[in-house]
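# Geometric and topological summary
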Amino acid sequence: MILILNGSPNKNGHTMKTVKKIIKGIDEEYIIINSYAENIKACMDCKYCDNLDGCSINDNMIQIYDLIGSADKIIIASPLYFASLSSSLLDIISRFQTYFTKKFIRKEEVKKLDKSLLVCTAGGDWPTMFNGPIETMKVVNMLFSIDDSMNLLIKSTDKINSQEIDVTKYSEFLK
Ligand SMILES: Cc1cc2nc3c(=O)[nH]c(=O)nc-3n(C[C@H](O)[C@H](O)[C@H](O)COP(=O)(O)O)c2cc1C
């Protein structure tokens, strides 16, 4: 199963149109979580997970933890907001802290995922603009022991038609 975490509020914007194009030809179940539709709080570093499995915050993140348990691939998709992933998506990703403590503090095994894909779209164009999301993705890959990952970074959506970009190699990658 492919777990898709979408950080765009525009379900039919540049980011999600691109993701839909990528997954169109893939014969595998996928589940999309729209971060703006969830009411998921950010990690507050309460240290609960330094000692215990799970999270002290009782919200919809439980559903995402369950989905991680049955996923083998993850797509993180977001517009670039102030050179980062969107804040509601980052709130969700911050709750992966429970996997960080599990792996590095409690030294227990964390679920392995096979593949990850970052899809990030941005209105502008400057050389280092995607550095934030790229580094965030490295942390996600490290947590879930993902060795096979790709980044699709689309710039200048203010000017270009992002749907003209060929996404075939990203579809093939996920198969
Ligand atoms: C709050 C906000 C912050 C943004 N920050 C950036 C930015 O730092 N760099 C950039 O190139 N574009 C920025 N943009 C433009 C979006 O990244 C761009 O329009 C994106 O393709 C929108 O994706 P969507 O249609 O999937 O929502 C920003 C847009 C918004 C609304």
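Anyway, here's the lowdown on the structure attached to this text. In this text the structure is predicted, and so the values were computed from the model without any measurement.

### Some details on the overall build of the protein
When helices and strands are tallied, the protein shows seven helices and five strands. Its helices and strands taken in sequence order, the protein reads β-α-β-α-α-β-α-α-β-α-β-α from the N to the C terminus. Since a compact globule built from 175 residues should have a radius of gyration of about 16 Å, the 16 Å found for the protein is in line with a globular shape. In terms of its C-alpha atoms, the protein occupies a principal-axis envelope of roughly 50 × 35 × 30 Å.

### Describing the sheet that holds strand E3 (residues 73-79)
Strands pair in a sheet through their backbones, by hydrogen bonds, and they do so in one of two ways: parallel or antiparallel. The strand order E2-E1-E3-E4-E5 describes an open sheet built from five strands, whose pairing is parallel. Both outer strands of the open sheet, strand E2 (30-34) and strand E5 (148-154), are each paired with one neighbouring strand and no more. Averaged over all pairs of adjacent strands, the angle between strand axes in this sheet comes to 15°, irrespective of strand direction. Where strand E4 (residues 115-121) and E5 come together, seven bridges link them in parallel fashion. Residue pairing for E5: Leu118 is matched across the bridge by Asn151. Sheet strands touched by helix H1 (residues 14-24): strand E1 (2-6), E2, E3, E4 and E5. Its angle to E4, the strand with the most contacts, is close to 145°.

Definitions and cut-offs
Residues numbered from 1 in each chain as written. Predicted model: local features only at pLDDT ≥ 70, side-chain atom pairs only at ≥ 80, totals over all residues. Heavy atoms only, no water. Helix = DSSP H or I, 4+ residues; strand = E, 2+ residues; numbered from the N terminus. Rg over C-alpha atoms; globule rule 2.2 N^0.38 Å. Pairing = 2+ DSSP bridges. Axes fitted to C-alpha atoms, helices over the stretch in contact; angles between N-to-C directions. Contact = heavy atoms within 4.5 Å.

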